[in-house]
Amino acid sequence: MAHAANDSCEARSTEIIDALRKGDFALATAHFDAPVKAAVDAQRLGQIWQHTLPMKFGAFDRADAPKAGEQGGAVAETTLHFARSDLAMRVACDAEGEVAGLRFVPVPAATGPLGPGERRLDLASPLGPLPGIFTTPTGHGPFPVVVLIAGSGPHDGDETIGPSKPFRDIAQGLAAEGIASLRYDKRTLTYAAQVAANSHVTIDDEVTNDALAAIKVAGAQPGVDPRWVFVLGHSLGAYMAPRIGQRDEALAGLILLAAPARPLLDVQAQQVREVGKRQGLSDEQIASRLHVIEAERQWLASQDASKPTTGSFGGVPQSYELSLRDYDVVAVAKNLDMPMLILQGGSDFQVSPRADFDRWQSALAGRPRVTFHRYDGLNHLFMPAGGSGTPADYQAPGHVDAAVVRDISRWVKELPARG
């Protein structure tokens, strides 16, 4: 049955690519299941294929033959060749052959040149090694070290988004201030097919477990003080940072960049309402997407977390959403006994300066070891904001604002190593 499902998914992938080549986006979405179609309808897929992908990767050239995903799951991957880079189109299918997930993800790039003070350092994971980069300042140490935890999606160690590389900026900026760092490719990038084939994947599989492994590796490096290890999370990585701190109480502190303070479904709903409007979605399209989110919210409320799930939401197994259901990030942070630095871009359209950052400030007000900074005019990447207030702004190259790196460095160096 697994082979039959894979064959069907490969056939679906071929159909989608053929339809995309012809510009027939209604045909390309004909076999999407309801949740996927609500998230990526024909109009949205056309915008992605004709505008978003070419703007970022250049003109489409050709597609390789689809290949079945590993571990027997009903997943097919197709390498797409664009003028400036390659992408993998990942299609997940249900037992009836309907498309239950569609994602365009980066193909891990060939090993590139290292910067000053950088060396390669792989991390162990259950799926295999994760490529990492350890950056050491000049001098003899012992240095504090910061482990960088990326946001949602299949990010590389630089957290590459369009032409920008925010984690590389931060790592190099920290090194100039005498602080070491470790950044690494997420398993959702390095082992995309295996992760997609796992119908019971959880948030800890994507983020927490690899972060805990990275902390141990970083603290064991020559020249580093193992009592002076920090975690810096961005977006989803910041959302999970309190859980990481909860599970490793020896950390010297947590740095949260653009951290949601609400359940992620609430954040997604706000993005649909506000960003969707700016992207030109109709009221009906917005209402349809909000309906899917609300249906998922109701489903989660009725589930027994101890029982396996079989469905998907937004192309991801519902086990993932269920693993987040009972996680109250603010409550976890309030119970932590470690310093925290919470940073927010004032022009962030993904994580709200009001609904999220203001909640952090209110919940942790008066805590002497919690520091807040808001940077007006900076976006979700802590770079100068663009004009559209949509992800299209990320196609302009940028760098993390120097004031952000300076504030992080100053805060880290002022804190003592843990007992």
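Scroll up a little and you will see the structure.
**Q** Is there a simple way to think about the side chain of Asp-205 in this case?
**A** Take Asp-205: it is sitting in helix H8 (residues 203-219). One buried charge, Asp-205, has no salt-bridge partner; the nearest side chain with opposite charge is Arg-187, at 4.4 Å. Among all residues touching Asp-205, those that are not within four sequence positions of it are Arg-187, Asn-198, His-200 and Asp-210.

**Q** Help me understand the pairing of strand S9 (residues 180-184) in this model?
**A** If a strand is regular, its side chains alternate between the two faces of the sheet. When you tally the buried positions in S9, you get five out of five residues, the bulk of the element. Every second residue of S9 is oriented toward a common face, with Ala-180, Leu-182 and Tyr-184 on one face and Ser-181 and Arg-183 on the other, all of them buried. Once you follow strand S8 (residues 143-149) into helix H5 (residues 166-176) and on to S9, the crossover reads as right-handed.

**Q** Got a minute to help me understand H5 in this structure?
**A** Most of H5 sits inside the fold, with eight of its eleven residues counted as buried. The complete set of buried residues in H5 reads Pro-166, Phe-167, Asp-169, Ile-170, Ala-171, Gly-173, Leu-174 and Ala-175. Of the surrounding elements, those touching the buried residues of H5 are strand S7 (132-135), S8, S9, strand S10 (224-234), strand S11 (253-257) and helix H15 (402-414). Phi turns positive one or two residues past the end of H5, at Gly-178, with a value near 85 degrees.

**Q** Even after reading the chapter, I still don't get the pattern of salt bridges, so can you show me in this structure?
**A** Pairing is possible between side chains of opposite charge, provided their charged atoms come close. Under the criterion given, the structure shown has 23 salt bridges. Its salt-bridge partner being Asp-283, residue Lys-277 comes within 3.3 Å of it at the nearest N-O pair. Looking at Asp-283, the relative accessible area reads 52%, which means it is exposed. Taking the shortest distance from any N to any O, the salt bridge between Asp-376 and Arg-374 comes out at 2.9 Å. Put simply, Glu-118, Asp-158, Lys-165 and Arg-183 are held in one network by salt bridges that share partners.

**Q** How should I be thinking about the packing of aromatic side chains in this particular structure?
**A** Given two aromatic rings, their pairing is described by the distance between the two centres and the angle made by the two planes. Tallying each qualifying case throughout the model produces nine aromatic pairs. Measuring from centroid to centroid gives 5.8 Å for Phe-230 and Trp-411, while their planes differ by 65 degrees, and the two rings are edge-to-face. Residue Phe-230 is located in strand S10, and its partner Trp-411 is located in helix H15; the two are separated by 181 residues in the primary sequence. A single burial state applies to Phe-230 and to Trp-411, both of which are buried. Ring plane angle 90 degrees and centroid distance 5.2 Å describe the contact between Tyr-239 and Tyr-327, whose orientation is recorded as edge-to-face. Residue Tyr-239 is found in helix H9 (residues 236-247), and its partner Tyr-327 is found in the loop between helix H12 (318-324) and helix H13 (329-334); the two are separated by 88 residues along the sequence. For the residue pair Tyr-239 and Tyr-327, the accessibility class agrees, reading buried in each case. Members of the aromatic cluster, joined through ring pairs, are Trp-49, Phe-60, Phe-82 and Phe-104. Positioned over the ring face of Tyr-327 is Arg-243, at 4.8 Å from the centre of the ring.

**Q** Sorry, what's going on with the side chain of Thr-390 here?
**A** Along the chain, the position of Thr-390 falls in the loop between strand S15 (370-375) and H15. Look at Thr-390 and you get buried, because its relative accessible area is 6%. A polar atom in the side chain of Thr-390 sits 2.8 Å from the side chain of Ser-388. Apart from the residues within four sequence positions on either side, Thr-390 is in contact with Val-275, Arg-278, Gln-279 and Phe-349.

**Q** For this particular structure, what's the right way to read the packing of H5 against H15?
**A** Describing two packed helices takes the angle between their axes plus the distance from one axis to the other. Where H5 contacts H15, the axes come no closer than 10 Å and their chain directions differ by 50 degrees. Relative to H15, the element H5 lies oblique. Of the two elements, H5 crosses H15, and the hand of that crossing is right-handed. When H5 is examined against H15, the residues Ile-170, Gly-173 and Leu-174 are found in contact with a partner set consisting of Val-405, Ile-408 and Ser-409. Here the contact of H5 with H15 is built from residues that sort into four nonpolar, two polar and no charged.

**Q** Help me understand the packing of H8 against H9 in this model?
**A** Where H8 contacts H9, the axes come no closer than 10 Å and their chain directions differ by 60 degrees. Relative to H9, the element H8 is oriented oblique. In terms of crossing hand, the pair formed by H8 and H9 is right-handed. Contacts between H8 and H9 involve Ile-203, Asp-204, Glu-206, Val-207, Thr-208, Asn-209, Ala-211, Leu-212 and Ile-215 from the former and Leu-236, Met-240, Arg-243, Ile-244 and Arg-247 from the latter. For the contact of H8 with H9, the per-class residue count stands at eight nonpolar, two polar and four charged.

**Q** Help me out: how do you make sense of the environment of Ala-59 in this one?
**A** Here Ala-59 lies in the loop between helix H4 (42-57) and strand S1 (60-63). Accessibility expressed as a relative area gives 51% for Ala-59, which makes it exposed. Residues Ala-59 and Ala-83, spaced 24 residues apart in sequence, show a C-alpha to C-alpha distance of 5.3 Å. Contact partners of Ala-59, with chain neighbours within four places excluded, come to His-81, Phe-82 and Ala-83.

What counts as what
Residues numbered from 1 in each chain as written. Predicted model: local features only at pLDDT ≥ 70, side-chain atom pairs only at ≥ 80, totals over all residues. Heavy atoms only, no water. Helix = DSSP H or I, 4+ residues; strand = E, 2+ residues; numbered from the N terminus. Buried < 20%, exposed > 50% of the residue type's maximum accessible area, 1.4 Å probe, protein only. Lys, Arg positive; Asp, Glu negative; His and termini not counted. Salt bridge = Lys/Arg side-chain N within 4 Å of Asp/Glu carboxyl O. Contact = heavy atoms within 4.5 Å. Right-handed = clockwise from strand over helix to strand, strands pointing away. Phe/Tyr/Trp six-rings, centres within 6.5 Å; stacked < 30°, edge-to-face > 60°. Lys NZ or Arg CZ within 6 Å of the ring centre and 35° of its normal. Polar contact = N/O pair within 3.5 Å; in protein donor to acceptor, adjacent residues only side chain to side chain. Axes fitted to C-alpha atoms, helices over the stretch in contact; angles between N-to-C directions. Parallel < 35°, antiparallel > 145°, perpendicular 65-115°, else oblique. Left-handed = near helix turned anticlockwise from the far one by under 90°. Nonpolar A, V, L, I, M, F, W, Y, C, P; charged D, E, K, R; others polar.

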